[in-house]
Amino acid sequence: LPGIIEDAPPIPSGADIRAARETAGMTIRKFAEVMGGPDFSTWSRYETGKPVRTGSIAPDVWNRVRDFIAQQQK
């Protein structure tokens, strides 16, 4: 219903995540640990464009990822 249910923010691309992670000087293992979401192998597959069930990643994890990307773009 328009105006009642907000659209979910878009899921960041793998390239955006990798760029932010590299800007922060963070390994993929550390990134996975900090995000508190899937393990590093899932993020690795996502960054390289391999299939990942993005719906299985909790919305709060995606929010942390979006915040992380925004911090690195400043």
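Definitions and limits used
- Residues numbered from 1 in each chain as written.
- Predicted model: local features only at pLDDT ≥ 70, side-chain atom pairs only at ≥ 80, totals over all residues.
- Heavy atoms only, no water.
- Helix = DSSP H or I, 4+ residues; strand = E, 2+ residues; numbered from the N terminus.
- Buried < 20%, exposed > 50% of the residue type's maximum accessible area, 1.4 Å probe, protein only.
- Arc of directions from axis to C-beta.
- Salt bridge = Lys/Arg side-chain N within 4 Å of Asp/Glu carboxyl O.

**Describing the environment of glutamine 71**
- If you trace the backbone, glutamine 71 turns up in helix H4 (residues 59-72).
- Glutamine 71 sits in the exposed class, given a relative accessible area of 51%.
- Sequence separation between glutamine 71 and threonine 27 is 44 residues, and the spatial gap between their C-alpha atoms is 17 Å.

**Focus on the environment of alanine 70**
- Its place among the elements puts alanine 70 in helix H4.
- For alanine 70, a relative accessible area of 37% translates into the label partly exposed.
- For the pair formed by alanine 70 and tryptophan 43, sequence separation is 27 residues and the distance between their alpha carbons is 18 Å.

**Side note on helix H3 (residues 40-47)**
- All buried positions along H3 are accounted for by Thr42, Trp43, Tyr46 and Glu47. Seen from one end, H3 has its buried residues packed into an arc of 130°, which puts them on one side.
- Glycine 49 lies just past H3 and shows a positive phi near 85°.

**Looking at helix H2 (residues 28-35)**
- Along H2, the residues that are buried comprise Ile28, Phe31, Ala32 and Met35. The buried residues of H2 occupy one face: seen down the axis, they fall within an arc of 100°. Exposed residues on H2 whose side chains face more than 90 degrees from its buried face are Arg29 and Glu33.
- Remark: glycine 36 follows H2 within two positions and exhibits a positive phi of approximately 65°.

**Points about the pattern of salt bridges**
- Summed over all chains, the structure comprises 4 salt bridges.
- We note a salt bridge from glutamate 33 to lysine 30, for which the minimum N-O separation is 3.4 Å. Linking glutamate 33 with lysine 30, this pair stays in helix H2, spanning 3 residues, or about one helical turn.

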